[in-house]
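Descriptive analysis of the structure
For reference, the chains in residue letters:
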Amino acid sequence: MADHQYPLGHVFYRKLSKRLPLITRGEGCWLVDETGKRYLDACGGAFVANLGHGLSEIGEAMAEQAQRVGYVNGTTFTHQPVEELAAEVAALSPGDLNRVYPLSSGSEAVEAALKFARQYWVETGKPAKHRIVALAPAYHGNTLLALSASGREHYKTYFREWLVDVTRVPAPYAYRCACGGRPPLCPACDGSAVEQAIITLGPETVAVFIAEPVGGSSSGATVPHPDYFRRIREICDRHEVLFVADEVLTGAGRTGTWAAIEPFGVVPDLMTLGKGLGGGYAPLSALVAPDRLVDRLAKGSGSLLHAQTYSHHPVLAAGALAAVRHLRRHGLIERCARMGGVLHREVQALRGLPHVGDIRGRGLLAGVEFVADFETRAPFARSAAFAERLTAAALDEGLVLWPNVGQADGTNGDLVMIAPPFVITDDEIGELIRRFTRALEQTTKVTKAVEAV
Ligand SMILES: Cc1ncc(COP(=O)(O)O)c(C=O)c1O
């Protein structure tokens, strides 16, 4: 068995200071490494493996398409998988969101959505509309425009000079806002902070507001007040600002509905999908837009100015098509909603354990936020690396969790995300909680309260 760690071998690993287990196979919610150790994948890798590991039918659909034709360029040809995938996604997506532009990563879909908004306003005769308004904390991707829109400061450390100016508004993050999510709501939670930002900038300069309908890892599955997005919809309509729902993490069923925006009862102008859309088998993302907006480009410049060689890719489209059909055929979104109920009930067992400040989320998406002081909600100092140490302890226990840091004040703050495949069983949820508890006990044993900020 070889060691898999920089500088051995030739892989430029994502983590240059860690030894990485080599995974040889997966099955349902489980991953197995070369030593035979089994890991319960409680975060679907990175909110991706929604259908579970080891399904053969997605790969078979991709192989069949690759044998038929592997690649054609989207400027010259179309093909059956992309036609059928677009029809499936359009049928599942809320309101008039009916036109699907497939890309590969979530960052690309966000770039495309923001560029679309800008191009739309220029082609509508309102070229002054160029500003982007976004929340903090928030995450929208790692390419430079998507990173600019992201309220995750430590990702920007070396690149600030290259980023564009994005106006940042406090996210409706009830655990750390003035109102605690309860009426009377504070400006962050009732949406008025967004309107204030638009008015201050001058609505005639604002092109787009982008938000995650349910917070992703950067705010730990925070669910906004039920009225939040209705208010956002009104504000965006009033000021002629396009509203982008970034559903890269939450879409494709993760919160128990196809899109997390649905229970809020509003339809965004643009939606991005990614991650779970291909179930982890096909790296396919998408911008979803309505004809009422796309028509403007159709009658004007004739295309979205976001050319990428691998957009509309036949093999990826075949994979995502098979993934979406698998999701529908097996009722996995309904299952996600049902098992989400079980997860949120069982995860309450963690409340009362040392340093567990808050637990929240919807469907099979849960965030557990840790604090040094339960009463004041003071986070640990970043140097304590609590989330990283907990995640490492969990891996030792054979449990894969997703950490995030910095949400409390841009630097400090520790949370972990739970987002298992939708096929998780009651017993596996029980196992998840047991392993989580053991890992937390290990971590808190060596974390001293003096490490509070
Ligand atoms: C809400 C959201 N948008 C965009 C992205 C970027 O997606 P990708 O990492 O596939 O580029 C992510 C990734 O975590 C995300 O959570």
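Here, the structure is the one placed above.
Figured I'd write up the structure that's included with this text. (Residues numbered from 1 in each chain as written. Predicted model: local features only at pLDDT ≥ 70, side-chain atom pairs only at ≥ 80, totals over all residues. Heavy atoms only, no water.)

**Considerations on the layout of surface pockets**
Selection criterion: In the cavity and pocket records, a cavity denotes points on a 1 Å grid over the protein atoms alone where a 1.4 Å probe fits but cannot get out, a pocket denotes an open set with protein on both sides within 12 Å along at least 5 of 7 lines, and lining residues are residues with an atom within 4 Å of a point. Grid points are joined across faces, edges and corners, and a volume is the space filled by probe spheres set on the points. Where helices and strands are cited, they refer to DSSP runs of H or I of at least four residues and of E of at least two residues respectively, numbered from the N terminus. Each residue is assigned to one of three groups, with Ala, Val, Leu, Ile, Met, Phe, Trp, Tyr, Cys and Pro labelled nonpolar, Asp, Glu, Lys and Arg labelled charged, and all others, Gly among them, labelled polar.
One number sums up the size of the second largest pocket: a volume of about 720 Å³. Looking at the lining of the second largest pocket, the elements with two or more residues in it are α3 (80–92), β4 (97–103), β10 (285–290) and α9 (291–299). Along the lines of polarity and charge, the residues of the lining of the second largest pocket split into 14 nonpolar, twelve polar and two charged.

**As for the environment of L163**
Spelled out, the test is: Throughout this description, buried means an accessible area under 20% of the type-specific maximum (1.4 Å probe, protein chains only), exposed means over 50%, and partly exposed covers the range between. Throughout, a contact is declared for two residues whenever any of their heavy atoms are within 4.5 Å.
Assignment of secondary structure puts L163 in the loop between α5 (144–149) and β6 (167–170). Among the residues examined, L163 registers a relative accessible area of 18% and is labelled buried. Remark: the alpha-carbon pair of L163 and R38, spanning 125 residues in sequence, is separated by 41 Å. Setting aside its immediate chain neighbours within four residues, L163 contacts L144, L147, S148 and K156.

**Regarding empty space enclosed by the protein**
What the rule picks out here adds up to one cavity of 30 Å³ or more. Space inside the largest cavity adds up to approximately 100 Å³. Together, 14 residues line the largest cavity, and A171, P172, E212, G215 and S219 are the ones closest to its centre. Its residues placed into classes, the lining of the largest cavity shows ten nonpolar, three polar and one charged.

**Re the side chain of E111**
This is how the line gets drawn: Charged-residue counts in this description rest on Lys and Arg as positive and Asp and Glu as negative, His and the chain ends being excluded. Each reported salt bridge corresponds to a side-chain nitrogen of Lys or Arg within 4 Å of a carboxyl oxygen of Asp or Glu.
Assignment of secondary structure puts E111 in helix α4 (residues 106–123). K115 provides the closest opposite charge to the buried, unpaired E111, separated from it by 4.8 Å. With near-sequence residues (within four places) excluded, E111 lies in contact with T143, L144, L145, A146 and H306.

**Observations regarding a nonpolar patch on the surface**
Definition in use: To count toward a patch, a residue needs a relative accessible area above 30% and no salt bridge. Like charges then connect within 9 Å, nonpolar side chains (Val, Leu, Ile, Met, Phe, Trp, Tyr) within 5 Å. For accessible areas, the Shrake-Rupley method is used with a probe of radius 1.4 Å. Any residue's cover is judged against the shown protein chains and nothing else.
On the surface, a cluster of nonpolar side chains totalling about 510 Å² of accessible area is made up of L144, Y158, F159 and W162. Positionally, L144 belongs in helix α5. According to the relative accessible area criterion, L144 is partly exposed, its value standing at 37%.

**Structural notes on the site of the ligand**
Worth spelling out the cut-off: If even one non-hydrogen atom of a residue comes within 4 Å of a molecule or strand, that residue is called near it. Within 3.5 Å is the distance limit for a polar contact, defined as a pair of N or O atoms, with the added protein rule that one can donate a hydrogen and the other accept it, and that residues adjacent in sequence qualify only through two side-chain atoms.
The ligand sits among S105, G106, S107, Y139, H140, G141, E212, D246, V248, L249 and K275. A distance of 2.8 Å is found between an oxygen atom of the ligand and a backbone nitrogen or oxygen belonging to G106. Within the contact set of the ligand, a nitrogen atom lies 2.7 Å away from a side-chain nitrogen or oxygen of D246. Protein chains shield 82% of the accessible area of the ligand, which is 390 Å² for the free molecule. Of the residues contributing to the shell around the ligand, the split by class is three nonpolar, five polar and three charged.

**A word on the packing of α4 against α9**
Under the convention used in this document: A fitted line through C-alpha atoms serves as each axis, taken over the contacting stretch for helices, and the angle formed by two N-to-C directions is quoted from 0 to 180°. Roughly parallel here means an angle under 35 degrees, roughly antiparallel means over 145, roughly perpendicular means 65 to 115, and every remaining angle is called oblique. Should the near helix be turned anticlockwise from the far one by less than a right angle, the crossing is termed left-handed; should it be turned clockwise, right-handed.
Relative orientation of the contacting elements α4 and α9 amounts to 60 degrees, with a least axis distance of 10 Å. The angle between α4 and α9 falls in the class oblique. Along this stretch, α4 crosses α9, giving a crossing that reads as left-handed. Counting all contacts with α4, which are made through F116, Q119, Y120 and E123, the residues of α9 involved are L293, V294, R296 and L297.

**A few points about the packing of aromatic side chains**
In plain terms, the rule: Ring pairs are drawn from Phe, Tyr and Trp, using the six-membered ring of Trp, whenever the two centres fall within 6.5 Å, and their geometry is named by plane angle: stacked under 30 degrees, edge-to-face over 60, tilted for the rest. Remark: a charge is flagged as sitting over a ring if the NZ atom of Lys or the CZ atom of Arg is within 6 Å of the ring centre and within 35 degrees of the ring normal.
All told, the structure shown has twelve aromatic pairs when counted by the stated rule. Judged by centre distance (5.9 Å) and plane angle (65 degrees), the ring pair of F47 and W402 falls under edge-to-face. Separated by 355 residues along the polypeptide, F47 in helix α1 (residues 44–47) and W402 in strand β14 (residues 402–405) bring together distant segments of the chain. Considering the side-chain rings of F229 and F243, the 5.7 Å spacing of their centres and the 15 degrees angle between planes classify their relative orientation as stacked. Taken together, the residues span a long stretch of sequence, with F229 in helix α8 (residues 228–238) and F243 in strand β8 (residues 242–246) at a distance of 14 residues. The pair formed by F229 and F243 is uniform in burial state, with each residue classed as buried. The lysine or arginine in question, R152, covers the ring of Y139, its NZ or CZ lying 4.1 Å from the ring centre. The ring of Y155 carries the charged tip of R152 above its face, separated from the ring centre by 4.9 Å.

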